[in-house]
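One letter stands for each residue in the lines below.
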Amino acid sequence: MNFKPLHDRVLVKRVASDEKTAGGIIIPDTAQEKPMEGEVLEVGSGSRNENGKLEPLDVKKGDKILFGKWSGTEVKMNGEEYLIMKESDIMGIITSSKKKK
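Note that this is a predicted model, so its numbers are computed, not measured.

Student: It is not clear to me how a nonpolar patch on the surface should be interpreted in this structure. Could you clarify?
Tutor: A contiguous nonpolar surface patch, about 350 Å² in accessible area, is contributed by Met36, Leu66, Met91 and Ile94. Along the chain, Met91 turns up in strand E8 (residues 90-94). You can call Met91 exposed: its relative accessible area is 57%.

What follows is the structure in structure tokens.
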């Protein structure tokens with residue numbers, strides 16, 4: 001797929017959600033909430049500030065992110081579902097917490 005978001009927009013793929021509860025109950029697709037976590041696939045070039053200078057985005061390709069429940073616009077490309085959203089819709093970047101010895 002060749003898609004490049006413009007300006008401060010980001011292309012995101014939702015992560016797969018669990019189909020079972022902690023107790024082992026299987027949740028049907030119709031009852032599942034869509035996950036609010038995703039992976040950044042592509043980013044735009046950034047937005048322009050008041051002086052016309054290009055400000056790069058804080059997120060980059062490959063980042064795991066958390067976003068609002070109603071954020072972005074759902075699109076379907078090549079049979080896959082994606083979200084296109086503005087960087088301002090992203091609440092944060094998820095990092096792995098590795099324990100230090």
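So, next bit.
Student: Just checking my understanding: could you explain the pattern of salt bridges for this structure?
Tutor: Two side chains carrying opposite charge are able to pair once their charged atoms lie near each other. Considering all chains together, one arrives at 5 salt bridges under this definition. Of the charged contacts in the structure, one is a salt bridge between Glu80 and Lys13, with a shortest N-O distance of 2.3 Å. Remark: Lys13 occurs in strand E1 (residues 9-14) and Glu80 occurs in strand E7 (residues 80-86); sequence separation between them is 67 residues. Between Lys60 and Asp63 there is a salt bridge, with its nearest N and O atoms 3.1 Å apart.

Student: Quick question: what am I supposed to make of the sheet that holds strand E2 (residues 37-43) here?
Tutor: Either a parallel or an antiparallel arrangement is found when strands of a sheet pair, and the pairing is made through backbone hydrogen bonds. Sheet architecture is open: 6 strands sit in the order E6-E7-E1-E2-E5-E8, paired in antiparallel fashion. Every other strand in the sheet has two partners, leaving strand E6 (73-77) and E8 as the edge strands with one partner each. Here the strands of the sheet are splayed against their neighbours by 40° on average, with no regard to which way each runs. Summarising the sheet, strand E5 (residues 64-67) and E8 pair through 4 bridges and their orientation is antiparallel. If you follow Phe67 over to E8, its bridge partner there is Ile90.

Student: Whenever I open this one, the nonpolar core confuses me. Can you help?
Tutor: Among soluble globular proteins, nonpolar side chains are generally buried collectively. Listed in full, the 11 residues of the largest apolar core are Val10, Val12, Val40, Val43, Leu57, Val59, Ile65, Phe67, Leu83, Met85 and Ile90. The set of elements that each furnish at least two residues to this core consists of E1, E2, E5 and E7. Apart from the residues within four sequence positions on either side, Val12 is in contact with Gly38, Glu39, Ile65, Phe67, Tyr82, Leu83 and Met85.

About the cut-offs
- Residues numbered from 1 in each chain as written.
- Predicted model: local features only at pLDDT ≥ 70, side-chain atom pairs only at ≥ 80, totals over all residues.
- Heavy atoms only, no water.
- Patch = residues over 30% accessible without salt bridge, like charges linked within 9 Å, V, L, I, M, F, W, Y side chains within 5 Å.
- Areas by Shrake-Rupley, 256 points an atom, 1.4 Å probe, with all protein chains shown as cover.
- Salt bridge = Lys/Arg side-chain N within 4 Å of Asp/Glu carboxyl O.
- Helix = DSSP H or I, 4+ residues; strand = E, 2+ residues; numbered from the N terminus.
- Buried < 20%, exposed > 50% of the residue type's maximum accessible area, 1.4 Å probe, protein only.
- Pairing = 2+ DSSP bridges.
- Axes fitted to C-alpha atoms, helices over the stretch in contact; angles between N-to-C directions.
- Core = buried A, V, L, I, M, F, W, Y, C linked by side-chain atoms within 4.5 Å.
- Contact = heavy atoms within 4.5 Å.

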